[in-house]
Amino acid sequence: MNENYSLGDAFRTALADFQDYLPDLALALGLLLIGWAAAHLLRALTLRVAHVLDQVLRRASRQVDIPLAPPGWSRLAGNVVFWLVMLFAITFATRILGLTLFASWLDRMADYVPTLLSGALIILVGFLASALARDLVTATAPIDPSQRLLLGRLTQAMILLVAVVIYMAYNNMMGVA
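Residues numbered from 1 in each chain as written. Predicted model: local features only at pLDDT ≥ 70, side-chain atom pairs only at ≥ 80, totals over all residues. Heavy atoms only, no water.

Participant: Explain the environment of Leu-132 to me, using residue names and the numbers behind them.
Facilitator: Here Leu-132 lies in helix 4 (residues 113–140). A relative accessible area of 53% places Leu-132 in the exposed class. Along the primary structure Leu-132 and Gly-152 are separated by 20 residues, whereas in three dimensions their C-alpha atoms are 9.7 Å apart. (Helix = DSSP H or I, 4+ residues; strand = E, 2+ residues; numbered from the N terminus. Buried < 20%, exposed > 50% of the residue type's maximum accessible area, 1.4 Å probe, protein only.)

As structure tokens, then:
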């Protein structure tokens, strides 16, 4: 009979602990739901902005037969934004729940996000500048047309190389291996 009593006490204690934990669980689930909704909204906004940017760049380019970006880049950008928002929502939810080991792992992962985003911005600006320089060189170089295209491609490659070197130097300066 003493074993039934201790089992009943254990059940009551577990139920009391769960009731104490329930507000944190509800808050974490609410935060995840809000994060999920915000992630979907920001993904849709990113897709729209990327589509408009792609159209503007295509109109500005003199050579419409050369694609400025891969066809699925806007979807990729939208998915990156979605998962970045979800990463931060999950990180905050794990902190609320007291899952310190998982939260610290997510914190370390989130520490790299600004570096990755700034690096992606450096590469994107380098890509856009190289495409513009390629078009300018191809359109204005006073040489044979076949050599103009080669010179334009070389100019584009050199600017892209400089962008990659700047990105690598930035990562070394920020301490990213």
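Participant: Requested: an account of helix 3 (residues 100–111), with residues and values cited.
Facilitator: Helix length check: helix 3 (12 residues) gives 16 Å between terminal C-alpha atoms against 16 Å at 1.5 Å per residue, within 8%. Buried residues of helix 3: Ala-103, Leu-106 and Ala-110, and no others. Down the axis of helix 3, the buried set is contained in an arc of 65°. They therefore lie on one face. For helix 3, exposure combined with an orientation more than 90 degrees from the buried face picks out Leu-101 and Asp-111. Turning to helix 3, the residues buried within the fold contact helix 2 (73–97) and helix 4. (Expected span 1.5 Å × (residues − 1). Arc of directions from axis to C-beta. Contact = heavy atoms within 4.5 Å.)

Participant: Summarise the environment of Leu-22; cite the residues concerned and give the values.
Facilitator: The residue Leu-22 is located in helix 1 (residues 2–60) in this model. We classify Leu-22 as partly exposed; its relative accessible area is 39%. Taking C-alpha positions, Leu-22 is 9.8 Å from Leu-97, a pair spaced 75 residues apart along the chain.

Participant: Run through a nonpolar patch on the surface, naming residues and quoting values.
Facilitator: Taken together, the side chains of Tyr-21, Leu-99, Phe-102, Trp-105 and Met-109 present a nonpolar region at the surface, about 460 Å² in accessible area. Sort the elements by how many residues they give to the nonpolar patch and helix 3 lands first, with three residues. Following the sequence through the fold, Tyr-21 ends up in helix 1. You can call Tyr-21 partly exposed: its relative accessible area is 32%. (Patch = residues over 30% accessible without salt bridge, like charges linked within 9 Å, V, L, I, M, F, W, Y side chains within 5 Å. Areas by Shrake-Rupley, 256 points an atom, 1.4 Å probe, with all protein chains shown as cover. Salt bridge = Lys/Arg side-chain N within 4 Å of Asp/Glu carboxyl O.)

Participant: Go over helix 4, please, and point to the residues and values.
Facilitator: Compared with an ideal rise of 1.5 Å per residue, which puts 28 residues at 40 Å, helix 4 spans 40 Å between its outermost C-alpha atoms and is within 8% of the ideal. When helix 4 is considered as a whole, its buried residues turn out to be Val-113, Thr-115, Ser-118, Gly-119, Gly-126, Ser-130, Ala-131, Ala-133, Arg-134, Asp-135, Val-137 and Thr-138.

Participant: Account for the packing of aromatic side chains, naming residues and giving values.
Facilitator: Centre distance and the angle of the planes are the two values used to describe a pair of aromatic rings. In the structure shown here, the tally under the stated rule is two aromatic pairs. Considering the side-chain rings of Phe-82 and Trp-83, the 5.0 Å spacing of their centres and the 90° angle between planes classify their relative orientation as edge-to-face. We classify Phe-82 as buried; its relative accessible area is 6%. Residues Phe-102 and Trp-105 carry aromatic rings whose centres are separated by 5.7 Å and whose planes lie at 25° to one another, so their mutual orientation is stacked. Here the residue Phe-102 and the residue Trp-105 both occupy positions in helix 3, the gap between them amounting to three residues, near one helical turn. Phe-102 sits in the partly exposed class, given a relative accessible area of 38%. The class of Trp-105 is partly exposed, set by a relative accessible area of 44%. (Phe/Tyr/Trp six-rings, centres within 6.5 Å; stacked < 30°, edge-to-face > 60°.)

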